[in-house]
Amino acid sequence: MAFQAKKLINDPNDVVTEFIEGLVETYPGLQYLDGFPQVKVVLRADVSGAKYNKVAVISVIQMCLHGTGGGSGHEPAHAGFVGEGMLTAAICGDVFASPSVDSILAGIRAVTGPMGALLIVKNYTGDRLNFGLAAEEAKSEGYKVEIVIVGDDCALPPPRGIAGRRGLAGTILVHKVAGAAAAAGLSLVDVAAEARRASEMIGTMGVALTVCTQPGQVTSDRLGPGKMELGLGIHGEPGAAVVDLQPVDVVVSHVLKQILSPETNYVPITRGNRVVLMINGLGATPAMELMIAAGKAVPRLQLEHGLAVDRVYTGSFVTSLNMAGFSISVMKADQAILQLLDAATKAPYWPVGVDGPGTSNRPAAKIPVPMPPCHSTKSDESLSRPPMLNGQGCILEVAIEAAANAVINLRDRLNEWDSKAGDGDCGSTMFRGATAILEDMKNFYPLNDPAETVNEIGSSIRRAMGGTSGIIYDIFCKAAYAQLKANTKTVVTAKQWKDALEASIAAVSKYGGASAGYRTMLDALIPALAVLQERLEAEENPVTAFVLSSEAALVGAESTKQMQAQAGRSSYVPGEILASVPDPGAMAAASWYQAAALAVKGKCMGS
């Protein structure tokens, strides 16, 4: 069902001129001719036609074969590629409508000096006529003008007659080659020759999940659910076939085979050649999906087609308004082409950081994950479960096991509380951490070394939990580890455990920003620390002090019902909803703390 498209625009008739105004405000190196709405030309601010001593490279944005027009709607192409080292000017039409001959002539006059101008035109019949007429008129005024037609489409069977292949995203690579050649001071004849040579080396094919919607028009439903179109044109004109949606692996493989097909012989690329790859988003394709396509295309070009991929350009270069999909361009390369592609440019939308060694001699794409210092400096034996536990190790084991099991058993209640106070996954997140701790303790925890064991608990949590809770508990463990590590003796005293808890609370408060009364896990741990310190200073039995402090932790956690959240997602929840449940993070902390205390009591009192 068709419906009016939603656009963040004003009058649909003004989108091109308002786009140009915004572009020039954003990039001070650009200007436009004061001829709106008839003349829409973006040009370099540092170029004055009569005095310009290099070849002007002008891109003309053209109409399509099906009467819908060309022109604007392909942004950033081509105005976004105006800049030193690339285009000197871009002639803009209305959305999908060819610019007028007068507009083209105005652009030529504005930037063309004695070295002449090269017009680069995508291959569509009406535009060849429009720009041919403009070129001849400019020549009659004394300007030197050459035209290069780009037709890089590989989606359709070899055309009959004079129509030729459509011009697509590969045109951007021709712009870059021509712009660099002109910046190097080459003559008009030589710049045109470089551009023409580049255009003959490129093949492109597009794939679309949706068609585009012009401003002020209804959205088309020509492509139904679960369908995609192969070879769709950049103005929405139909492609080679509508097929079922396929995984990107399959799509990339099909497109590359079509571009490099020896039967059509669209591009002179054979095994052993060097190539440049461009993955071009069509307007509504996330960068993530474009990068996935790039990551699949490179090894296929290398392994299946025997090609050396020297450069990869991934991004949205020639779009079709809000079309979802991408095109792939493959260009035969040699050292001369690569030097022109790598040459410096100030064009705002040309990708930076791409030039350099090709995939054959570039640094490895992936390298080993560096191990933390403790893993690289300690033996495997010191960071594994000891064959026999000493008394301290036995107590630590039962405390860890009890604490983890308490969290596991509380999963559903934590999720229930969190569904009202947060995003509903506190129990599941804590469950993952607790499960990982129990699993890792069987083989990896050096339980006779409390400091290293606490450090390894943090590593388990960081690996398994994720999210804010994972980070907070990892900070908690790292702070405790640093405090315990300062103790040079092998046996950790109750006071040292208290100091470790105090350091952990301070670290969580410092980095998380919460303190007492914020409705967080600290509302359980701060009261526990206070009671533990008080009882130890009173020379209470350490185990008894631990148990009494765990009761304070539970009371503190339950008191969070009366608190207004000031941290985390709960801070966005109305107070009346929060009043019905305790903070799940505080309850989780109180649960494992109390379970550990009771386990230590059972172990010590029973032995």
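The structure contained in this document is the topic of the report that follows. Predicted model, so just to flag it, every value in this text is computed and none were measured. (Residues numbered from 1 in each chain as written. Predicted model: local features only at pLDDT ≥ 70, side-chain atom pairs only at ≥ 80, totals over all residues. Heavy atoms only, no water.)

## Some remarks on a negative patch on the surface
The following threshold applies: In this scheme, patches are assembled from residues that exceed 30% relative accessible area and form no salt bridge. Like charges are connected within 9 Å, while nonpolar side chains (Val, Leu, Ile, Met, Phe, Trp, Tyr) are connected within 5 Å. Computed by Shrake-Rupley with a 1.4 Å probe, the accessible areas treat only the displayed protein chains as cover when residues are assessed. Any Lys or Arg side-chain nitrogen found within 4 Å of a carboxyl oxygen on Asp or Glu counts as a salt bridge. Only four residue types enter the charge count, namely Lys and Arg as positive and Asp and Glu as negative; His and the chain termini do not. We put the charge of a Lys on NZ, of an Arg on CZ, of an Asp on CG and of a Glu on CD. Secondary structure is summarised from DSSP: a helix means a run of H or I of at least four residues, a strand means a run of E of at least two, and numbering begins at the N terminus for each. In this scheme, a residue with accessible area under 20% of its type's maximum is buried, one over 50% is exposed, and one in between is partly exposed, where area comes from a 1.4 Å probe on protein chains only.
Judged by side-chain charge, D11, D14, E18, E21 and E25 come together as a negatively charged surface patch. For E18, the location among the structural elements is in helix 1 (residues 15-26). Given the relative accessible area of 32%, E18 is considered partly exposed.

## With respect to the pattern of salt bridges
Counted according to the given criterion, the structure contains 21 salt bridges. One salt bridge connects D46 with R44, and the closest N-O pair in it is separated by 2.9 Å. For D310, the salt bridge goes to R274, with nearest N and O atoms at 2.6 Å. Of this pair, D310 sits in strand 13 (residues 308-315) while R274 sits in strand 12 (residues 274-281), and the two are 36 residues apart along the sequence. Relative accessible area serves as the criterion here: at 6%, D310 is assigned to the buried category. Exposure remark for R274: the relative accessible area of 31% places this residue in the partly exposed category. Taken together, the shared-partner salt bridges connect K495, K498, D499 and E502 into one network.

## Describing the sheet that holds strand 8 (residues 202-208)
Here is the rule we go by: Any two strands are treated as partners once DSSP identifies two or more bridges connecting them. An axis is simply a line fitted to the C-alpha atoms; with a helix, the fit covers only the stretch in contact. Between two such axes, the angle follows the N-to-C directions and lies from 0 to 180 degrees.
One open sheet holds the 6 strands; their spatial order is 11-10-8-14-12-13, and the pairing between them is mixed. Every other strand in the sheet has two partners, leaving strand 11 (241-244) and strand 13 as the edge strands with one partner each. Between one strand axis and the next, the sheet turns by 20 degrees as a mean value, whatever way the strands run. With 7 bridges joining them, strand 8 and strand 14 (residues 325-333) adopt antiparallel strand pairing. If you follow T204 over to strand 14, its bridge partner there is S329.

## Some thoughts on the nonpolar core
Definition in use: Residues belong to one nonpolar core when they are buried, are Ala, Val, Leu, Ile, Met, Phe, Trp, Tyr or Cys, and are joined through side-chain atoms within 4.5 Å. Note on contacts: a residue pair is in contact if any heavy atoms of the two residues lie within 4.5 Å.
Core analysis: the largest hydrophobic core is formed by 59 residues, its most contacted members being L414, M430, Y473, F476, L525, W592 and Y593. Among the elements that line this core, the one with the most residues is helix 19 (residues 584-606), at 10 residues. Those residues in contact with M430 that sit more than four places away from it in its chain are V407, L414, M465, Y473 and A588. Among the nonpolar cores identified, the runner-up in size contains 50 residues, and A77, A178, A182 and M278 belong to it.

## Concerning the environment of V354
Position of V354 relative to the elements: it lies in the loop between helix 8 (335-342) and helix 9 (373-377). Taking relative accessible area as the criterion, V354 reaches 21% and is therefore assigned partly exposed. Linking V354 and Y313, residues 41 residues apart in sequence, is a C-alpha distance of 6.9 Å. Leave out the neighbours within four places in its chain, and V354 touches R311, V312 and Y313.

## A few points about helix 10 (residues 391-409)
Counted only if it meets this: Given the number of residues in a helix, its expected span is that number minus one, multiplied by 1.5 Å. Whenever two N or O atoms come within 3.5 Å, that pair is a polar contact, provided that in protein one can donate a hydrogen and the other can accept it, and provided that, for residues adjacent in sequence, both atoms are side-chain atoms.
End to end, helix 10 covers 27 Å across 19 residues, agreeing with the expected 27 Å (1.5 Å per residue, within 8%). Its side-chain oxygen at 3.2 Å from the backbone nitrogen of Q392, N390 defines the N-terminal cap of helix 10.

## A closer look at the packing of helix 10 against helix 12 (residues 426-441)
The following threshold applies: Angles below 35 degrees are treated as roughly parallel, those above 145 as roughly antiparallel, those between 65 and 115 as roughly perpendicular, and all remaining angles as oblique. Here a crossing is taken to be left-handed if its near helix is turned anticlockwise relative to the far helix by less than a right angle, and right-handed if that turn runs clockwise.
Contact geometry for helix 10 and helix 12: axes closest at 8 Å, N-to-C directions at 150 degrees. What the angle tells us is that helix 10 and helix 12 run roughly antiparallel. Relative to helix 12, the crossing made by helix 10 is left-handed. Counted together, E397, I400, E401, A404, N405, V407 and I408 of helix 10 and M430, F431, A434, T435, I437, L438 and M441 of helix 12 form the full contact between these two elements.

## Quick word on the packing of aromatic side chains
Our working definition: When the centres of two rings from Phe, Tyr and Trp lie within 6.5 Å, Trp using its six-membered ring, the rings pair. Their planes under 30 degrees apart give stacked, over 60 give edge-to-face, and anything left gives tilted. In this scheme, the term charge over a ring applies when either NZ of a lysine or CZ of an arginine sits within 6 Å of the ring centre and within 35 degrees of the ring normal.
Under the defined criterion, the tally for this structure stands at 8 aromatic pairs. Taking the centre distance of 6.1 Å and the plane angle of 55 degrees together, the rings of W592 and Y593 count as tilted. Here the two residues W592 and Y593 agree in accessibility, since each one is buried. Put simply, the rings of Y473, F476, F546, W592 and Y593 touch in pairs and so form one group of aromatic residues. Lying across the ring of W350, K176 places its NZ or CZ 5.7 Å from the centre. One Lys or Arg, R411, reaches over the ring of F431 and ends 4.1 Å from the middle of that ring.

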